[in-house]
Amino acid sequence: NHILPPRLATALTNPTNPPTAPTIVNADMELTTGWTGVAGSRSSVQAHVGTYSWRLYTGAGAADIVYQDFTDYVRGAQYTLTMWVWANSINLARISINDGVTTTYSSYHGSGAQWQQLTVTKILSVAATQLRIQMDTANNANTIYFDDATITSDTTMTIGTPIIFANFNGNKYV
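Here's a quick rundown of the structure.

As for the pairing of strand β9 (residues 131-137)
The two faces of a sheet get side chains in turn, since along a regular strand they alternate between them.
Okay, step 1: The element β9 is extensively covered by neighbouring structure, given that seven of its seven residues are classed as buried.
Okay, step 2: Residues L131, I133, M135 and T137 point to one face of β9 and R132, Q134 and D136 to the other, with burial holding for every one of them.
Okay, step 3: Where strand β4 (residues 65-70) meets β9, six bridges bridge the pair, whose relative direction is antiparallel. Bridged to Q68 within β9 is I133.

Right, here's the structure in full:
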């Protein structure tokens, strides 16, 4: 029946710069790397800008995601993901941000057989365990194309202005 002392932060640092958005590997989909998921690959069939886009094919009755994880993020910060999406019908594709606690989705692609820009904004949980951006497909047999991804962070920190960052076991807390 011993009372343990509270855990202490391993380091405290003053924020010198606001949180910056991570860099998306292969944001323009011109390379064959950077994205994880079994249903996706680079394709030249459709392209918003450049020569290639990222093609996702979903079989009937199965939804798929292709994603990219980032290790440098700030819990409680706001991130916005924007991506161009092409689908031959409406309500087949969307994008999302997952922080390991919840997932926030954009609206579905609503313009058949043309490119549409989708945007999703999420304030990461203070208990976030990841920053993952995702390309999502619906439960239909279809081919969808994604291109020209960008991610930004809101430097105003929607939960307030940080006075100090605490580093506890390699994780940053505001």
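After presenting the structure, the write-up continues.
With respect to the environment of G59
Okay, step 1: Counting through the fold element by element, G59 comes out in the loop between β3 (53-58) and β4.
Okay, step 2: For G59, a relative accessible area of 25% corresponds to the partly exposed category.
Okay, step 3: Sequence separation between G59 and T143 is 84 residues; the distance between their C-alpha atoms is 9.0 Å.

Digging into the sheet that holds β3
Okay, step 1: Read across the sheet, five strands follow the order β2-β3-β10-β5-β8 without closing on themselves; strand pairing throughout is antiparallel. Here the strands that pair on one side only, and so sit at the sheet edges, are β2 (40-43) and β8 (114-123). Taking the axes of each pair of neighbouring strands and ignoring which way they run, one obtains an average angle of 35° across the sheet.
Okay, step 2: Where β3 lies against strand β10 (residues 142-154), five bridges are found, and the strand directions are antiparallel. Across the sheet, residue W54 finds its bridge partner in β10, namely F146.

Some details on the pattern of salt bridges
Okay, step 1: Scanning all chains against the criterion turns up two salt bridges.
Okay, step 2: A salt bridge links D69 to R132, with the shortest nitrogen-to-oxygen separation between them at 2.6 Å. Remark: R132 occurs in strand β9 and D69 occurs in strand β4; sequence separation between them is 63 residues.
Okay, step 3: D69 sits in the partly exposed class, given a relative accessible area of 39%.
Okay, step 4: Residue R132 is classed as buried on the basis of its relative accessible area of 18%.
Okay, step 5: Notably, a salt bridge pairs K122 with D99, separated by 3.9 Å at the nearest N-O pair. Within this pair, whereas K122 is found in strand β8, its partner D99 is found in the loop between β6 (93-98) and β7 (103-105), the two being separated by 23 residues in sequence. Comparing K122 with D99, the two get one shared label, buried.

Things to note about the sheet that holds β9
Okay, step 1: With antiparallel pairing, four strands are arranged side by side in an open sheet as β4-β9-β6-β7. The two strands at the open ends of the sheet, each matched to only one other strand, are β4 and β7. Neighbouring strand axes in the sheet, compared pairwise and without regard to direction, differ in orientation by 20° on average.

Side note on the environment of W35
Okay, step 1: By the element assignment, W35 lies in the loop between β1 (11-13) and β2.
Okay, step 2: When the C-alpha positions of W35 and W54 are compared, they lie 9.0 Å apart, and in sequence the two are 19 residues distant.
Okay, step 3: Apart from the residues lying within four places of it in its own chain, the contact partners of W35 are I24, V25, N26, M29, W54, V66, Y67, Q68, M83, I133 and M135.
Okay, step 4: At 3.2 Å, the side chain of W35 forms a polar contact with the backbone oxygen of N26.

Notes on the packing of aromatic side chains
Two aromatic rings, taken as a pair, are described by how far apart their centres are and by the angle between their planes.
Okay, step 1: Throughout the structure, instances matching the rule amount to one aromatic pair.
Okay, step 2: Between W86 and Y145 the ring centres are 5.7 Å apart and the planes differ by 65°, which places this aromatic pair in the edge-to-face class. Residue W86 is found in strand β5 (residues 78-87), and its partner Y145 is found in strand β10; the two are separated by 59 residues along the sequence. The same class applies to W86 as to Y145, namely buried.
Okay, step 3: Stacked on the ring of Y52, the Lys or Arg R42 has its end atom at 3.7 Å from the ring centre.
Okay, step 4: Directly above the ring of Y105 sits R94, whose terminal nitrogen or CZ lies 3.7 Å from the centroid.

What counts, and where the lines are drawn
- Residues numbered from 1 in each chain as written.
- Predicted model: local features only at pLDDT ≥ 70, side-chain atom pairs only at ≥ 80, totals over all residues.
- Heavy atoms only, no water.
- Buried < 20%, exposed > 50% of the residue type's maximum accessible area, 1.4 Å probe, protein only.
- Helix = DSSP H or I, 4+ residues; strand = E, 2+ residues; numbered from the N terminus.
- Pairing = 2+ DSSP bridges.
- Axes fitted to C-alpha atoms, helices over the stretch in contact; angles between N-to-C directions.
- Salt bridge = Lys/Arg side-chain N within 4 Å of Asp/Glu carboxyl O.
- Contact = heavy atoms within 4.5 Å.
- Polar contact = N/O pair within 3.5 Å; in protein donor to acceptor, adjacent residues only side chain to side chain.
- Phe/Tyr/Trp six-rings, centres within 6.5 Å; stacked < 30°, edge-to-face > 60°.
- Lys NZ or Arg CZ within 6 Å of the ring centre and 35° of its normal.

That is the geometry; function is a separate question.
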